[in-house]
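# Observations on the three-dimensional arrangement
Chain residues, written in single-letter form:
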Number of protein chains: 2
Amino acid sequence: MTEVVAGVDIGGTNTVFGLVDRNGEIIAESKLSTASYPEIDDFVDVLGESVKRLIPGKKDFVLKGIGIGAPNANYYKGTIELAPNLAWKGIVPLAGKIKDKTDLPVVITNDANAAAMGEMIFGAAKNMKNFIILTLGTGLGSGIVINGELVYGHTGFAGELGHTIIVPGGRDCGCGRQGCLETYASASGLVRTALYMLSESKEESSLREMAPSELTAKKIAEAAADNDHIALEAFDYTAEMLAFGIINAIVFSSPEAVFLFGGLAQAGDLLFTPVRTYVYRNIQPIFRGTVKVLPSGIPESNAAVLGAAALAWNELSY
Amino acid sequence: MTEVVAGVDIGGTNTVFGLVDRNGEIIAESKLSTASYPEIDDFVDVLGESVKRLIPGKKDFVLKGIGIGAPNANYYKGTIELAPNLAWKGIVPLAGKIKDKTDLPVVITNDANAAAMGEMIFGAAKNMKNFIILTLGTGLGSGIVINGELVYGHTGFAGELGHTIIVPGGRDCGCGRQGCLETYASASGLVRTALYMLSESKEESSLREMAPSELTAKKIAEAAADNDHIALEAFDYTAEMLAFGIINAIVFSSPEAVFLFGGLAQAGDLLFTPVRTYVYRNIQPIFRGTVKVLPSGIPESNAAVLGAAALAWNELSY
């Protein structure tokens, strides 16, 4: 008999889910269209059925629990609250509804926290008690582990490092304020930086041939690989700002490692090399040399399901 | 029979120590001159003897352990490391030496962490699992509690919020960098702000009658109480910068409360009112209204001994 949990990652467009054993092996995987179920109860019905259908005909798999990563998820309350990219409005008691439907333990948190748990249980942080993972996508998400536990804080919403203000009065942020880390250190931040540099400099650049709405982090990385100077400078500045966010997080919790994950982290050395240099150069001296900046140990394609599954395994182990 | 612990606070000039029972009552208290013992072994001998002498003649007090707050103390290693204000150079294994001398459990951390523990065990954070205390003296120290535990991090030096960089390229800091929070939000930061404002403005101010070396936070507070406009503006700017440090800490750990302690916090409403206003105004919206900014619940005069004693009680409870 093999015990498995379901890992579920809810995104605005799709929900991916899979069965994962204790060793982090994905036994089966599937997805459904989140956007097709604007009524939460319909979504819960379909998700519950779909997860059950993943269990192979053989009787030797037992589903023990369900872990869910979702935007604006509150771990304590089991809710999704005011998520701008989801059709379900207000405060949705998702964990409770799925528990009622499946009669299984259900745990929910945001995707960056799930990524941290995945890293701790199945990834490169297996032996670490203190680390931070930064997910660099459209925004900057973060999961923080201290003393071997995910930090949820008093409200359940702790770990919003993307909304550390690093430039007072700086770039407009989606949170309504200015100068938040994610407006600089994220895929969209990189694009904003490149646009700014195109405006300031008269240097030739292949990026001048693209409409701003078509400019992506991937295209800037490609240009940088072709030695486009503006693209290289944009990466360097992004790395400096990201390093700045990292050194200010280090004085808080003194982690053993900071993991970078997500679209922008795929740029590899183009990002990691300058980030490590700026962290080393600008860190408070007593922490110099104590923190590693590392890529995630979990393949991007499996991370969402494994992270959510890790959340369930972690909960079951208590 | 009454069980007690010794709480010891080591400062550059004096070391104060006392016997404290489980309820936080100080049974006896004394002090000795730290600076008089440049040899660590002499200090350990004298401290050990002095603590024993505090135990009243009656046989009904039993000393169970010793908690120590000291600058640059490492909780994990039991050491004081490279403390600029102490005569003992290099890395001093203080906890081990005192343990050898007294045959009692000894625990050591820095004074801000001890203050956090004092607040949690004896003060205004008794029922809190997630809070931060900021000690506003010459510098800005911090103690962070998450999930009911003090945060020491991978190195033992976590919780250096005074060295969050909030103004890139800003004021010179003792750590060798620029723009750290403590260069703005501390007693000495307030003095620097007042001097800057005296330089920028031509407004009349009683502060113009004092030599910069004589200007203190207390004198600025007195001038502010007399409606001196420069002094009031200096407090307002200090509060804004402190609030800025606080809102960036809140996105990290989402605490229930942030306590302000130490010399500058004695200014009371002059500091707390604008800090609360700026925190409320500038915080990330999902945290708005979730965090209290409070004065410490422990009288300044007892805090050092109670904090160190709380550290020992906390350790003994495991």
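Note that the coordinates shown come from a computational prediction; the quantities given were computed from them, not determined experimentally.

In this section: the relation of the copies chain B and chain A. The two copies are related by a screw operation: chain B maps onto chain A through 180 degrees of rotation and 0.0 Å of translation along the axis, at an RMSD of 0.0 Å. Here the two chains are linked by the operation of a two-fold rotation axis. For chain B, the smallest separation between a C-alpha atom and the rotation axis is recorded for Ile166 of chain B, amounting to 3.4 Å. By residue overlap, the copies meet face to face through one surface: 100% of the interface positions of chain B are interface positions in chain A.

In this section: the confidence of the model for chain A. Mean pLDDT over chain A: 95, with 99% of residues reaching 70 or higher. Note on the complex model: pTM 0.94, ipTM 0.93.

Owing to its 3.6 residues per turn, the α-helix brings residues three or four apart onto one side. Residues and elements named next belong to chain A. Taking 1.5 Å of rise per residue, 15 residues should cover 21 Å, and helix α1 (residues 40–54) covers 21 Å from first to last C-alpha, within 8% of that figure. Buried within α1 are the following residues: Phe43, Val44, Leu47 and Val51. All buried residues of α1 lie within an arc of 100 degrees about the axis, which places them on one face of the element. Exposed residues on α1 whose side chains face more than 90 degrees from its buried face are Asp41, Asp42, Glu49, Lys52 and Arg53. On its buried face, α1 sits against β1 (2–10), β2 (14–21), β3 (26–33) and α2 (94–102).

Here we take up unusual backbone geometry. Note: most residues except glycine have negative phi, and most peptide bonds are trans. Residue and element names in this part refer to chain B. Positive phi, close to 50 degrees, is recorded for Asn147, a residue that is not glycine. With respect to the element layout, Asn147 can be found in the loop between β10 (140–146) and β11 (149–150). For Asn147, a count of 15 C-beta atoms within 10 Å puts it in the partly exposed group. With a phi close to 65 degrees, Asn227 is a non-glycine residue in the positive phi region. Inspection of the secondary structure puts Asn227 in the loop between α5 (217–225) and α6 (229–253).

Grouped together as the largest cluster of nonpolar side chains are 222 residues, with contacts concentrated most on Ile220 of chain A together with Ile220 of chain B. Every residue in contact with Ile220 of chain A, bar those within four places of it in the chain, is listed here: Leu190, Val191, Ala194, Leu207, Leu215, Ala231 and Ala234 of chain A.

As for its position among the elements, Ile165 of chain A is in the loop between β11 (149–150) and α4 (187–200). As a C-alpha pair, Ile165 of chain A and Gly245 of chain A span 80 residues in sequence and 8.9 Å in three-dimensional space. Those residues within four positions of Ile165 of chain A in sequence are excluded, and the remaining contacts are Arg177, Gly179 and Cys180 of chain A together with Asn248 of chain B.

Residue and element names in this part refer to chain B. Ordered in space as β11-β10-β9-β12-β13, the five strands form an open sheet in which the pairing is mixed. In this open sheet, the two edge strands, each paired with only one partner strand, are β11 and β13 (292–295). Two elements, strand β9 (residues 131–136) and β10, share six bridges in a ladder whose sense is antiparallel. In the strand pairing of β10, Leu136 is matched with Leu140. Sheet strands touched by helix α3 (residues 111–122): β9, β10, β11 and β12 (257–261). Its angle to β10, the strand with the most contacts, is close to 45 degrees.

Turning to the interface of chain B and chain A, a few remarks are in order. On the side of chain A, 32 residues touch chain B, which itself brings 32 residues to the contact. At the level of elements, β10 and α6 of chain B are the ones that each hand at least two residues to the side of chain B that touches chain A. The element best represented in the side of chain B that touches chain A is α6 of chain B, accounting for five residues.

Another aspect to go through is the pairing of strand β10 (residues 140–146) of chain A. Residues and elements named next belong to chain A. Counting buried residues along β10, seven of its seven residues qualify, which places the element largely inside the surrounding structure. The alternating pattern of β10 places Leu140, Ser142, Ile144 and Ile146 and Gly141, Gly143 and Val145 on opposite faces, both of which are buried. In textbook terms, the turn of a hairpin is the stretch between consecutive antiparallel strands, and for strand β9 (residues 131–136) and β10 this stretch comprises three residues. Judged from the two bridges that link them, β10 and β11 form a sheet pairing that is antiparallel. Bridge pairing links Ile146 to Glu149 in β11.

Turning next to the domain arrangement of chain A. Residues and elements named next belong to chain A. Taken as a whole, chain A is organised into domain 1 (2–118 + 301–316) and domain 2 (128–296). Each of domain 1 and domain 2 was reduced to a C-alpha centroid, and the two centroids are 28 Å apart. Residue-level contacts link twelve residues of domain 1 with 14 residues of domain 2. Among the elements that line the side of domain 1 that touches domain 2, the one with the most residues is helix α3 (residues 111–121), at six residues. Residue composition of the side of domain 1 that touches domain 2, by class: seven nonpolar, three polar and two charged.

Parameters at a glance
Residues numbered from 1 in each chain as written. Chains lettered and ligands numbered in written order. Predicted model: local features only at pLDDT ≥ 70, side-chain atom pairs only at ≥ 80, totals over all residues. Least-squares fit on C-alpha atoms with pLDDT ≥ 70 in both. Contact = placed C-beta atoms within 7 Å. pLDDT = per-residue confidence, 0-100. Helix = DSSP H or I, 4+ residues; strand = E, 2+ residues; numbered from the N terminus. Expected span 1.5 Å × (residues − 1). Buried ≥ 20, exposed ≤ 12 C-beta atoms within 10 Å, placed from the backbone. Arc of directions from axis to C-beta. Core = buried A, V, L, I, M, F, W, Y, C linked by C-beta atoms within 7 Å. Pairing = 2+ DSSP bridges. Axes fitted to C-alpha atoms, helices over the stretch in contact; angles between N-to-C directions. Domains from an automatic or database assignment. Nonpolar A, V, L, I, M, F, W, Y, C, P; charged D, E, K, R; others polar.

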